Amino acid sequence: MSGKLYGVGLGPGDPSLMTVRAVEVIAGADVIAYHSARHGRSIARSIAARHIRADHVEEPLVYPVTTETTDHPGGYQGAMDDFYAEASARLAAHLDAGRTVAVLAEGDPLFYGSYMHMHKRLAGRYDTEVVPGVTSVSAAAARLGTPLAEGEEVLTVLPGTLPEEELTARLASTDAAVVMKMGRTFPKVRRALEASGRLDGARYVERATMAGERLAELAEVDAESVPYFSVAVLPSRADAVAAEPGPGAVGEVVVVGTGPAGPLWLTPETRGALAAADDLVGYTTYLDRVPVRSGQRRHGSDNRVESERAEFALQLARQGRRVAVVSGGDPGVFAMATAVLEAASADAYADVPVRVLPGVTAANAAAARAGAPLGHDYATISLSDRLKPWEVIAERLRAAASADLVLALYNPGSRSRTWQVGKARELLLEHRAPDTPVVVARDVGGADEHVRIVRLADLDPAEVDMRTILLVGSSQTRTVRRGDGEEIVWTPRHYPET
């Protein structure tokens, strides 16, 4: 009869943080296995040392390579693959002989642990139990004495080995984070924290609960002193008590685009800016897309007071507040960026920092749903005559149509504007064939999303409202019905020679 395999989590380093179950399993095991570097020392064994008896069979699993180079023909990965295969075969021999094998693992066995390589190779063949352990993440938070995440905050755990740009994006978008596997990656992690605007407040924990433990502000840590057993911690934003701005303090206005609908359309940079803001200012419909956060002030208003909203945001920033002006789609496309920058050009607000963060536009979102109708040159025109006369709109429609550009038509209709779509169709039919494909996209990304392709001659103004965008093809735009019945539309990137 085969023996049983145990993956035993030992916790972060302090032997007193081992679980009762871990001690029981070690006591009942025939074989104690643990990983070590070639120098022979094993942190896992040192944690469990008081529970290892002389009659235990010990199986050191010695890595052939750690940070040094190797002459293995398969490189580092090849050397490690061979090692895991050989190590699992040694453990399988004990299990086949009916012995109970306990593989020791720092922290939790299935959380960035070496045990999982044995588990993947052996658990399907032998009776297996994994004994969870306290992770270094939990230990670091406990030693710092600060919550990692509260309420609906998101905690992100990242390996420092990720590319720097990926680290930066993920740090910018999350509420709280822990970065592991530092050591030689520390300079990159620090740069990513700084680039994401999260360096202030980042904490450093080295060898949590172990001898030589060190806690520090991460910005003050010397990179040359950082070992592998260290983590960077971005604690809960809710735990940080923002100081009231002093006299003369100037905050910031960040104009953000939330995309055409909900959270799936937000960029990491936008997520970070929304989370870091003291105040959110915007059209109520767009503010409703942003999660409510403790301590943030929300200032919703009607969609027709853009100038007033922009000036209000700048006034808040002059009081030292960090303000996010929330816009749908991309803030620079018929949205709030222009209003904010126009107001910020006044002398009264010349000293207020203003940033604009891009978002997914309604045109790009609708195009992606339909295929690739914007694959060649295109023009973007708003059919709203609230801020410009219809004569100007008509002239631009004719010019774009005569140039054979694909058209993205924003703000095509509303309860008070019902004739513009019909008039635009008439103008376009002067230059386009009746069977020109038109993408009619409503509420893209939302609960009421509806996207279909119609002929220009069949475009019905009655089915168009302010939540709809129209993409009108050029003479080169094509439609096809694929094998699954789906109809797609695209505009070729090449153009026929005249």
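Thresholds, definitions, all that
Residues numbered from 1 in each chain as written. Predicted model: local features only at pLDDT ≥ 70, side-chain atom pairs only at ≥ 80, totals over all residues. Heavy atoms only, no water. Salt bridge = Lys/Arg side-chain N within 4 Å of Asp/Glu carboxyl O. Helix = DSSP H or I, 4+ residues; strand = E, 2+ residues; numbered from the N terminus. Pairing = 2+ DSSP bridges. Axes fitted to C-alpha atoms, helices over the stretch in contact; angles between N-to-C directions. Contact = heavy atoms within 4.5 Å. Core = buried A, V, L, I, M, F, W, Y, C linked by side-chain atoms within 4.5 Å. Buried < 20%, exposed > 50% of the residue type's maximum accessible area, 1.4 Å probe, protein only. Left-handed = near helix turned anticlockwise from the far one by under 90°. Nonpolar A, V, L, I, M, F, W, Y, C, P; charged D, E, K, R; others polar.

S.K.: When you look at the pattern of salt bridges in this model, what are you seeing that I'm missing?
M.R.: Inspection of every chain in the model, using the stated rule, returns 28 salt bridges. With a closest N to O distance of 3.0 Å, Glu-129 and Arg-21 form a salt bridge. Taken together, the positions of Glu-129 in strand β5 (residues 128-131) and Arg-21 in helix α1 (residues 20-28) put the pair 108 residues apart, joining distant regions of the chain. A salt bridge links Arg-207 to Glu-206; the nearest nitrogen and oxygen atoms lie 3.0 Å apart. Within this structure, Lys-4, Arg-21, Glu-24, Asp-127 and Glu-129 form a network of salt bridges that share partners.

S.K.: How should the sheet that holds strand β19 (residues 437-442) be read in this particular structure?
M.R.: The strands that make up a sheet are held in pairs by hydrogen bonds between backbone atoms, and each pair lies either parallel or antiparallel. Within the open sheet, the five strands sit side by side as β17-β18-β21-β19-β20. Their pairing is mixed. Because the sheet does not close on itself, it has two edges, and the strands there are β17 (378-382) and β20 (450-455). With direction set aside, neighbouring strand axes in the sheet form an average angle of 20 degrees. Along the sheet face, helix α13 (residues 390-402) touches β17 and β18 (406-410) and points at about 165 degrees away from the line of β17.

S.K.: In this structure, what is going on with the nonpolar core? I would like to understand it.
M.R.: Here is a general trend for soluble globular proteins: nonpolar side chains tend to be buried in one another's company. In this structure, Leu-397, Leu-407 and Leu-409 are the most contacted members of the largest nonpolar core, which totals 23 residues. Of all the secondary structure elements, the ones that give two or more residues to this core are β17, α13, β18, α14 (420-429), β19 and β21 (468-472). With six residues, α13 is the largest single contributor of residues to this core. In contact with Leu-409, other than residues within four places in its own chain, are Ile-381, Leu-383, Leu-397, Leu-428, Ile-469, Leu-470 and Val-472. Leu-5, Ala-79, Val-103 and Tyr-126 belong to the second largest nonpolar core, which has 21 residues in total.

S.K.: How should I be thinking about the packing of helix α6 (residues 164-173) against helix α8 (residues 268-276) in this particular structure?
M.R.: Helix-helix packing is described using two parameters, namely the angle between the two axes and the distance between the axes. Taken N-terminus to C-terminus, the directions of α6 and α8 make an angle of 35 degrees; their axes are 6 Å apart at the nearest point. In the crossing of α6 with α8, the sense of the turn from one axis to the other is left-handed. From α6, Ala-169, Ala-172 and Ser-173 reach across to α8, where they touch Pro-268, Glu-269, Arg-271 and Gly-272. For the contact of α6 with α8, the class distribution of residues is three nonpolar, two polar and two charged.

Distances and angles like these do not, on their own, reveal function.
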